[in-house]
Amino acid sequence: SPNALDNIKASISQTAAMKAFQPYIRIESEADKKNVQLFTFFRVAIPAVVIGTLATLLFPGLALTLATLLNDAGVFAVL
């Protein structure tokens with residue numbers, strides 16, 4: 001049964017409404033457990049690795065470009 005916060009979220013978001021009024025999925029078998037783990041992996045781990053890799057590759061060039069544009073000794077000291 002949805003509480004008051006769920007009702008507020010449901011009035012704003014269609015996705016929240018669907019989640020608030022659907023029963024929770026029960027994990028009854030090993031296949032269900034593996035499906036949840038796989039879904040969590042795709043939803044959390046893969047985006048984290050991709051964003052981390054992109055940040056690692058893009059930060060040096062972006063930081064030095066911005067430091068060059070600002071042309072301040074303090075910026076270079078921080079980098």
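Counting restarts for each chain: residues are numbered from 1 in the order of the written sequence. Since the coordinates come from a predicted model, pLDDT governs what is reported: local features require at least 70, and pairs of side-chain atoms require 80 or more to be given and counted, while whole-chain, interface and lining totals use all residues. With hydrogens and water excluded, all non-hydrogen atoms of the structure serve as input to the side-chain values.

1. With respect to the overall build of the chain
Here a strand is any run of E in DSSP of at least two residues, a helix any run of H or I of at least four, and the numbering for each starts at the N terminus. Helices and strands together make up the secondary structure of the chain, namely four helices and zero strands. Ordered by position in the sequence, the α and β elements of the chain form the string α-α-α-α. Burial classes follow relative accessibility: with a 1.4 Å probe on protein chains only, a residue under 20% of its type's maximum area counts as buried, one over 50% as exposed, and anything between as partly exposed. For the chain, the proportion of its 79 residues judged to be buried stands at 6%. Residue burial considers only the protein chains on display, and all accessible areas are found by Shrake-Rupley using a 1.4 Å probe. For the chain, the computed accessible surface area is about 7100 Å², with 67% contributed by carbon and sulfur atoms.

2. Description of the packing of aromatic side chains
Between two aromatic rings, the relevant description is the distance of the centres plus the angle of the planes. The rule is short: rings of Phe, Tyr and Trp, with Trp giving its six-membered ring, pair when the centres are within 6.5 Å, and they are stacked under 30 degrees, edge-to-face over 60, tilted in between. Evaluation of the coordinates by the stated rule reveals one aromatic pair. Each ring, one from Phe-41 and one from Phe-42, has its centre 5.8 Å from the other, and the planes form 65°; the classification is edge-to-face. Here Phe-42 falls in the partly exposed class, since its relative accessible area comes to 48%.

3. Some points on helix H3 (residues 30-70)
Compared with the 60 Å implied by 1.5 Å per residue over 41 residues, the 57 Å span of H3 between its first and last C-alpha is a close match. At Leu-58, H3 shows its maximal bend, which comes to roughly 40°, and the proline Pro-60 appears one to four places after that position. Looking at the residues trailing H3, positive phi occurs at Asn-71, about 50°. Expected span of a helix: the number of residues minus one, times 1.5 Å. Bend, in this description, refers to the angle at a residue between axes fitted to the seven residues ending there and the seven starting there.

4. Structural notes on a nonpolar patch on the surface
In this scheme, patches are assembled from residues that exceed 30% relative accessible area and form no salt bridge. Like charges are connected within 9 Å, while nonpolar side chains (Val, Leu, Ile, Met, Phe, Trp, Tyr) are connected within 5 Å. Just to be clear on terms, a salt bridge is a Lys or Arg side-chain nitrogen sitting within 4 Å of an Asp or Glu carboxyl oxygen. A cluster of nonpolar side chains, namely Leu-38, Phe-41, Phe-42, Ile-46, Val-50, Leu-54, Leu-57 and Leu-58, defines an oily patch on the protein surface of about 780 Å² accessible area. By the element assignment, Leu-57 lies in helix H3.

5. Describing the confidence of the model for the chain
The predicted coordinates should not be examined in detail at positions where pLDDT is low. Residues with a pLDDT of 70 or more make up 77% of the chain, whose mean pLDDT is 80. For the chain, per-element mean pLDDT is lowest for helix H2 (residues 14-20), which scores 65, and highest for H3, which scores 89. Confidence of the predictor at the level of single residues is given by pLDDT, which spans 0 to 100.

6. A word on the environment of Ala-67
Tracing the chain through its elements places Ala-67 in helix H3. Separated by 11 residues in sequence, Ala-67 and Val-78 place their C-alpha atoms 9.7 Å apart.

7. A look at the environment of Val-75
If you trace the backbone, Val-75 turns up in helix H4 (residues 73-78). Taking C-alpha positions, Val-75 is 9.2 Å from Leu-64, a pair spaced 11 residues apart along the chain. We call two residues in contact whenever any of their non-hydrogen atoms come within 4.5 Å of each other. Leave out the neighbours within four places in its chain, and Val-75 touches Ala-67 and Leu-70.

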